[in-house]
Amino acid sequence: MLDQGAPPQQRDRTVPAPPGLGARLMRRKPVERLVAEGGQGEGGSLRRSLGLWQLTMISIGATLGTGIFVVLGEAVPKAGPAVTLSFVIAGLTALFSALSYAELAGTIPVAGSSYSYAYATMGELIAWVCGWCLVLEYGVSVAAVAVGWGEYLNELLDGTIGVTIPAALSAPPGDGGVFNLPALIVVLLAMTFLLGGARESARANTVMVVVKIAALVMFCAIGVQGFRSGNYEDFMPLGMAGVSAAGATLFFSYIGFDAASTAGEEATNAQRDLPRAIMLSLVIVTALYVLVAAVAVGARPWQGFTDSEAALAQIMRDVTGQAFWGTLLAFCAVIAIASVVLTVLYGQTRILFAMSRDGLVPKVFSRVHPKTGAPRANTLIVSLFCGVLAAAVPLGQLADATSIGTLFAFALVNVAVVILRRTRPDMPRTFRVPLSPLLPALGFAFCVWMMGSLSTVTWVVFGVWMAVGLVFYFLYGHRRSRLASSEVK
């Protein structure tokens, strides 16, 4: 029975019950809101200054160099001469995911990359898990590449002035050193460029990308002179299991193609240029990877790649019999790998920027400097973390940890593109995945298959990382989510 003495507005008011835990975890952020908030940060906005050329160079810069200059020496002992097939398998896996990335980047052109795509399609908890994987993918990748940079720096120093950095200061604990000083230095150099703003960083990256492409073409032209067909006689000495294991490690080499999607809020025409940049960069990188790997294995028996993180420079020296060419390649590699550190570090800061804007990580990560239009505090924190990680952890462990985080995030992107097609079929799309949902399903399956090829230790590390992330989410992000706050209002 109604209380007749209560005011009419009180009698008619119905207070909706608060959503349950399951509903809160599955709340989605509307695509329109994601796009409308693009570029907005604490105290300022990101600046739109990147065109198709710069976006493509960002993707190539983040991708090209890692697998060839650094991880090739880790992968060849696993697959033998069939490492070329491993590159193809990893590239095919990346291609399926790249198609999904291209469609979503053109539809939802924001800085959060797959984190934002998951937020719009699968809900906040899955978005957090995806974002946490991206932190592993990008942050640890920076550290892994920085480790290999030190190897080539030593090659360069040895070939020019006859001096190398002592092992104690050029390798992390567990690899015969105490502290990897070169790895820390290259991260700090990349940080310096990023603090100047996106446009300045893109210009520096473009120069470095041109140098690295020229270096790889030079390697192929000289390395093919030492090609021996006998090195391919036992093509698959460790079987298909070795090929897939090497492919899983080499997938680490392809993570950069999605770096362009993290620049969605700084692109002048994101919906048009992002899909093009993603696909163009992946084609260029895959072609160069396979070509260089084929020449490298032809010029040196696969057993000679063990514990060689500067393999290409050594091959150049062996083929020519002169130290000059190996030194020249080492110089190019120092520049090339620095560009990977620069662009991947850029991607990491922009993903944390998007997560911070949503309230899932502290506000400091979304503060924008009014003069440069760059998230300076974010850049400083991420750079210092990655630099210390690079100085203290061996390369192999870093590469595999990055691969599993990448594969998990890519798998979610393949699911997200199918969900968005069904829930928002009328949304304008500047690029559409052909044969959907078949190709996204293949992309998902390839990612799961390659994750299964990684070691038990890598899975344990991944499980611990996910557990830490979930604890942080429920203690901080879940309570401070801005989407939840707007729903309460």
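In this text, all values refer to a predicted model and were calculated from it rather than measured experimentally. (Residues numbered from 1 in each chain as written. Predicted model: local features only at pLDDT ≥ 70, side-chain atom pairs only at ≥ 80, totals over all residues. Heavy atoms only, no water.)

**Quick notes on the packing of helix H4 (residues 52-63) against helix H13 (residues 270-299)**
Between H4 and H13, whose axes approach to 8 Å, the crossing angle comes to 40°. Between H4 and H13, the angle is such that the two are oblique. For the crossing formed where H4 meets H13, the hand is right-handed. Touching Leu-52, Leu-55, Thr-56, Ser-59, Ile-60 and Thr-63 of H4 are Asp-273, Leu-274, Arg-276, Ala-277, Leu-280, Ser-281, Ile-284, Val-285 and Tyr-289, all from H13. For the contact of H4 with H13, a count of residues per class yields nine nonpolar, four polar and two charged. (Axes fitted to C-alpha atoms, helices over the stretch in contact; angles between N-to-C directions. Helix = DSSP H or I, 4+ residues; strand = E, 2+ residues; numbered from the N terminus. Parallel < 35°, antiparallel > 145°, perpendicular 65-115°, else oblique. Left-handed = near helix turned anticlockwise from the far one by under 90°. Contact = heavy atoms within 4.5 Å. Nonpolar A, V, L, I, M, F, W, Y, C, P; charged D, E, K, R; others polar.)

**Topic: the environment of Phe-431**
Among the secondary structure elements, Phe-431 is positioned in the loop between helix H17 (395-423) and helix H18 (438-452). A relative accessible area of 23% places Phe-431 in the partly exposed class. Contact partners of Phe-431, with chain neighbours within four places excluded, come to Leu-99, Ala-102, Glu-103 and Pro-275. (Buried < 20%, exposed > 50% of the residue type's maximum accessible area, 1.4 Å probe, protein only.)

**Regarding empty space enclosed by the protein**
Gaps between atoms show up when a probe of the same size as a water molecule is rolled over them. Counting across every chain of the model gives one cavity of 30 Å³ or more. Of the volumes computed, that of the largest cavity is approximately 60 Å³. Lining the largest cavity, in full, are Leu-50, Ile-58, Leu-194, Ala-198, Ser-201, Ala-202, Asn-205, Leu-342, Thr-343 and Tyr-346. For the lining of the largest cavity, the secondary-structure elements that each account for two or more residues are helix H11 (198-223) and helix H15 (323-357). Per element, the largest residue contribution to the lining of the largest cavity is four residues, and it comes from H11. Across the lining of the largest cavity, the residue classes tally to seven nonpolar, three polar and no charged. (1 Å grid on protein atoms, 1.4 Å probe; cavity = no way out; pocket = protein on both sides within 12 Å on 5 of 7 lines; lining within 4 Å. Points joined across faces, edges and corners; volume = space filled by probe spheres on them.)

Remember, this is a structural readout, not a statement about activity or role.
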